[in-house]
Amino acid sequence: MISVSLSTLVIIYIIGLGGTILLFWFLLEKLLDTPKTSVAPSRALLRCNICLHTFVDNTGVRYIRCPVCSTLLDRQKNHIPADAAERQDE
Ligand SMILES: [Zn+2]
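Just so it is clear, the structure is predicted and the values come from calculations on it, not from any experiment.

(A) Looking closely at the side chain of D74. Structurally, D74 is set in strand β4 (residues 72-74). Relative accessible area serves as the criterion here: at 10%, D74 is assigned to the buried category. Apart from residues no more than four positions distant in its own chain, D74 is found in contact with R62 and Y63.

Structure below.
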C-alpha cells in the first residue's frame, strides 16, 4: 500500500481533475472550431421595399439607390441574410 498524506492526495486529485477538464475543453474547442468564411463586409444582399427587387451591393455605402425604381434604401434595414435568400429560391 502506498502511503500518502491527505494534503498530497488532495493535490493529486485537484491536478488530475483540472487536467481532465482542460483536456476535454481543448478537444471540444477543436471540434467546434468551424472554418471562418471571409466575406467582404462591403458586399450585401439587399431587397427594395417598393418593388421587392433583390440585388447585391458592393459599394459599402449606407444609402443605396434601387437599380429598378431608384428608391433610396438603408443598407442596414434592407439587408437580407444569405441563408434566408437561399431558402426563398427553393
Ligand atoms: Zn426598387
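Picking up after the structure, the text goes on.
(B) Up close: the coordination of the zinc ion. The zinc ion binds to the protein through C48 (SG), C51 (SG), C66 (SG) and C69 (SG); the donor distances cover 2.2 to 2.3 Å. In this structure, the zinc ion is surrounded by four donor atoms whose angles at the metal cover 104 to 115°, and the resulting shape is tetrahedral. Positions of the donor residues of the zinc ion along the chain correspond to the pattern C-x2-C-x14-C-x2-C. Linking C51 in the loop between β1 (44-47) and β2 (54-57) with C66 in the loop between β3 (63-65) and β4, this pair joins segments that are 15 residues apart in sequence. Exposure remark for C51: the relative accessible area of 32% places this residue in the partly exposed category.

(C) Region of the structure containing the pattern of salt bridges. Counted according to the given criterion, the structure contains two salt bridges. Two residues, R75 and D57, come together in a salt bridge whose shortest N-O distance is 2.5 Å. Of the two residues, R75 is situated in helix α2 (residues 75-78) and D57 in strand β2; the sequence distance between them amounts to 18 residues. Of the two residues examined, R75 and D57, each falls in the buried class. Among the salt bridges present, the one from R62 reaches D74, with a minimum N-O distance of 3.1 Å.

(D) Expanded view of unusual backbone geometry. Phi angles above zero are rare outside glycine, and L52 is one such case at about 60°. Note on placement: L52 falls in the loop between β1 and β2. Unlike most non-glycine residues, S70 shows phi in positive territory, near 65°. Topologically, S70 is positioned in the loop between β3 and β4. With a relative accessible area of 41%, S70 lands in the partly exposed category.

(E) Region of interest: the pairing of β1. Burial of β1 is one-sided: the residues A44 and L46 facing one way are buried, the residues L45 and R47 facing the other way are not. Linking two consecutive strands that pair antiparallel, namely β1 and β2, is a turn of six residues; a positive phi of about 60° is found at L52 within it.

(F) Up close: a nonpolar patch on the surface. Together, I2, V4, L6, L9, V10, Y13, I14, L17 and I21 give the surface a local cluster of nonpolar side chains, amounting to about 950 Å² of exposed area. You can see L17 is positioned in helix α1 (residues 6-32).

Conventions we followed
Residues numbered from 1 in each chain as written. Predicted model: local features only at pLDDT ≥ 70, side-chain atom pairs only at ≥ 80, totals over all residues. Heavy atoms only, no water. Helix = DSSP H or I, 4+ residues; strand = E, 2+ residues; numbered from the N terminus. Buried < 20%, exposed > 50% of the residue type's maximum accessible area, 1.4 Å probe, protein only. Contact = heavy atoms within 4.5 Å. Donors = N, O, S within 2.8 Å, 3.2 Å for Na, K, Ca; no water. Tetrahedral: all angles 85-135°; square planar, octahedral: opposite > 155°, others 65-115°. Salt bridge = Lys/Arg side-chain N within 4 Å of Asp/Glu carboxyl O. Pairing = 2+ DSSP bridges. Patch = residues over 30% accessible without salt bridge, like charges linked within 9 Å, V, L, I, M, F, W, Y side chains within 5 Å. Areas by Shrake-Rupley, 256 points an atom, 1.4 Å probe, with all protein chains shown as cover.

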